[in-house]
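Structural features, examined
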Amino acid sequence: MKFITDIFNAVYNNLISGGAYYLVVKGVLTTALVTVTAWVVSAVLGCAVSYLMCYEKKVISAIGRGLCFIFRSVPAVLTLWLFYFCIFGRRGFNAAVIAGIAIGFWGGGHLSEIVERTVNRLRSTVSENIAARLERVYFSAVVPQALEESLWDIKRLAVHILQWSAISGYIAVNDLTEVMYGIGHRTMYPFFSIFFAAICYMIATLLIEWIFKVLEKVIGSDNKESEE
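Residues numbered from 1 in each chain as written. Predicted model: local features only at pLDDT ≥ 70, side-chain atom pairs only at ≥ 80, totals over all residues. Heavy atoms only, no water.

**Focus on the packing of aromatic side chains**
Put simply, the rule reads: Classification of ring pairs uses Phe, Tyr and Trp, with its six-membered ring standing for Trp, and accepts pairs whose centres are within 6.5 Å; under 30 degrees between planes counts as stacked, over 60 as edge-to-face, and the remaining range as tilted. Helical segments are the DSSP runs of H or I of at least four residues, strand segments are the runs of E of at least two, and each set is numbered from the N terminus. Burial classes follow relative accessibility: with a 1.4 Å probe on protein chains only, a residue under 20% of its type's maximum area counts as buried, one over 50% as exposed, and anything between as partly exposed.
Counted under the stated rule, the structure contains ten aromatic pairs. Pairing Tyr51 with Tyr55 gives two aromatic rings, centres 5.7 Å apart and planes at 75°, and the pair type is edge-to-face. Ring centres of Trp106 and Trp164 lie 5.6 Å apart, and the angle between their planes is 55°; this geometry places the pair in the tilted category. Of this pair, Trp106 sits in helix 5 (residues 95-123) while Trp164 sits in helix 8 (residues 151-164); the two residues are 58 residues apart in sequence, bridging distant segments of the chain. Relative accessible area serves as the criterion here: at 11%, Trp106 is assigned to the buried category.

**Quick notes on the pattern of salt bridges**
To keep things clear, this is the line we draw: Any carboxyl oxygen of Asp or Glu within 4 Å of a side-chain nitrogen of Lys or Arg constitutes a salt bridge here.
One pass over the full model with this rule turns up four salt bridges. Its salt-bridge partner being Arg65, residue Glu116 comes within 3.1 Å of it at the nearest N-O pair. In this pair, Glu116 sits in helix 5 while Arg65 sits in helix 3 (residues 58-73), placing the two residues 51 residues apart along the sequence. We classify Arg65 as partly exposed; its relative accessible area is 42%. A salt bridge links Asp153 to Arg117; its shortest N-O distance comes to 3.7 Å. Highlighted residues: Asp153 in helix 8 and Arg117 in helix 5, separated in sequence by 36 residues. One network of salt bridges, in which partners are shared, links Arg117, Asp153 and Arg156.

**Thoughts on the packing of helix 2 (residues 20-53) against helix 9 (residues 176-187)**
Operational definition: For helices, the fitted line uses only the C-alpha atoms of the stretch in contact; every axis is such a line through C-alpha atoms, and the angle between N-to-C directions lies from 0 to 180 degrees. Throughout, the term roughly parallel applies to angles under 35 degrees, roughly antiparallel to angles over 145, roughly perpendicular to angles from 65 to 115, and oblique to all others. Contacts are assigned to residue pairs that have any heavy atoms within 4.5 Å of one another.
Contact geometry of helix 2 with helix 9 gives a least axis separation of 7 Å together with a crossing angle of 155°. The angle between helix 2 and helix 9 falls in the class roughly antiparallel. When helix 2 is examined against helix 9, the residues Ala20, Leu23, Val24, Gly27, Val28 and Thr31 are found in contact with a partner set consisting of Leu176, Val179, Met180, Ile183 and Arg186.

**Overview of helix 9**
In plain terms, the rule: Under the convention used throughout, the expected extent of a helix is 1.5 Å for every residue step, that is, one less than its residue count. By arc we mean the arc of the directions from the helix axis to the C-beta atoms, nothing more.
Its twelve residues give helix 9 an end-to-end C-alpha distance of 16 Å, which sits within 8% of 16 Å, the value for a rise of 1.5 Å per residue. For helix 9, the set of buried residues is Leu176, Val179, Met180, Ile183 and Gly184. All buried residues of helix 9 lie within an arc of 130° about the axis, which places them on one face of the element. Residues of helix 9 that are exposed and point more than 90 degrees away from the buried face comprise Tyr181 and His185. Just beyond helix 9, the residue with positive phi is Met188, at close to 60°.

**Quick look at the environment of Leu29**
Mapped onto the elements, Leu29 comes out in helix 2. Its relative accessible area of 55% is what places Leu29 among the exposed residues. With 147 residues separating them in the primary sequence, Leu29 and Leu176 have C-alpha atoms 8.2 Å apart.

**Observations regarding a nonpolar patch on the surface**
Cut-off, in case you're wondering: Only residues whose relative accessible area exceeds 30% and that form no salt bridge enter a patch; like-charged residues are grouped when within 9 Å of one another, and nonpolar side chains (Val, Leu, Ile, Met, Phe, Trp, Tyr) when within 5 Å. Using the Shrake-Rupley algorithm and a 1.4 Å probe, accessible areas are obtained, with residue cover drawn only from the displayed protein chains.
Taken together, the side chains of Phe69, Ile70, Val74, Leu78, Trp81, Phe85 and Tyr170 make up a nonpolar region of the molecular surface, amounting to roughly 680 Å² of accessible area. Only helix 3 and helix 4 (76-87) provide two or more residues apiece to the nonpolar patch. Broken down by element, the nonpolar patch gets its largest block of residues, three residues, from helix 4.

**As for the confidence of the model for the protein**
What counts here: Per-residue confidence from the predictor is reported as pLDDT, which spans 0 to 100.
Within the protein, residue pLDDT values average 87, and 90% of them lie at 70 or more. Put simply, helix 6 (residues 128-133) is where the protein has its lowest mean pLDDT, 60, and helix 8 is where it has its highest, 96.

**A short note on the environment of Ala76**
Counting through the fold element by element, Ala76 comes out in helix 4. The class for Ala76 is buried, based on a relative accessible area of 0%. Taking C-alpha positions, Ala76 is 19 Å from Lys155, a pair spaced 79 residues apart along the chain. If we skip the residues at most four places from it in the chain, Ala76 touches Trp106, Trp164 and Ile167.

**Focus: the nonpolar core**
The condition that has to hold: Grouping buried Ala, Val, Leu, Ile, Met, Phe, Trp, Tyr and Cys residues that are joined through side-chain atoms within 4.5 Å yields what is termed a nonpolar core.
Counting residues in each nonpolar core, the largest one holds 49 residues, and the members touching the most others are Val24, Val119, Tyr138 and Met180. When contributions to this core are tallied by element, the ones reaching two or more residues are helix 1 (2-16), helix 2, helix 4, helix 5, helix 7 (138-149), helix 8, helix 9 and helix 10 (190-227). Take this core: its biggest share by element is twelve residues, from helix 5. With sequence-adjacent residues up to four places away left out, Val24 is seen in contact with Leu15, Leu176, Val179, Met180, Ile183 and Phe196. Residues Leu45, Val49, Met53 and Phe71 belong to the second largest nonpolar core, which totals five residues.

Okay, here's the thing in C-alpha cells:
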C-alpha cells in the first residue's frame, strides 16, 4: 500500500503540483518544434550539399565535401552556441528555432553524406551517358530515389536528431529535458523526472519508427504497382 502511495505522490508532485503538467506539455511542444525544425533544415541543407558533392566539376564537388565534413564534424552544441550567442540570438530570433537550425546543420552534414553515397551507388548501375545527365534531374528524380533507397539510414538520423534536441537547454530553451530537470530539482526527486523524460523520448522514437514503417510499406506497394 505504501508503494502505491509513494507512486501517487511522485506523480502528483512531479506532474501536477504547481502547474507542472502545463510546463510538461509546453516542454513536449517545444521539443517537437526543435526537432521538426531540425528535420526541415537537415533535409534542405543535406540535399543541397549532396548536390555539390555529386557535381561533375571537382572544385564544386570539393566545396560540397568540405561543407559536409564541417557540418557533421563540429559538435551540435558548439554550433548551437555559435548561432545563439554570435549570430541569431542578438537579433531576437526564437531560441527554440535557433536550436533547431543548429541541430539541423549537424543533421544536414550527415544526410548529405547518406544521399551522396546512395547517388554514387545508383550512378554505378547506369551508363556513363545517363550518369552525366543526372545533374539535370537531381532534385526531381535522383534525390527522391536516393532517399527511398536510404530509408533505414534516414530513420536512424531522424532518431538521433530527436535525441540531440535535448541540448536545447544549453541556451535556456524550456524543452522537455530542461523542464523535467527543473521539476526534479524542485521536488528533490530526480529519478522520477529522469524516468518520465526517458519514457517520453522512447515513445517519440517508437512513433518515428512507425512512420518509417508506413513509408516503407507505401513505397513498396507503389513499386509493385509500377512494375505491374
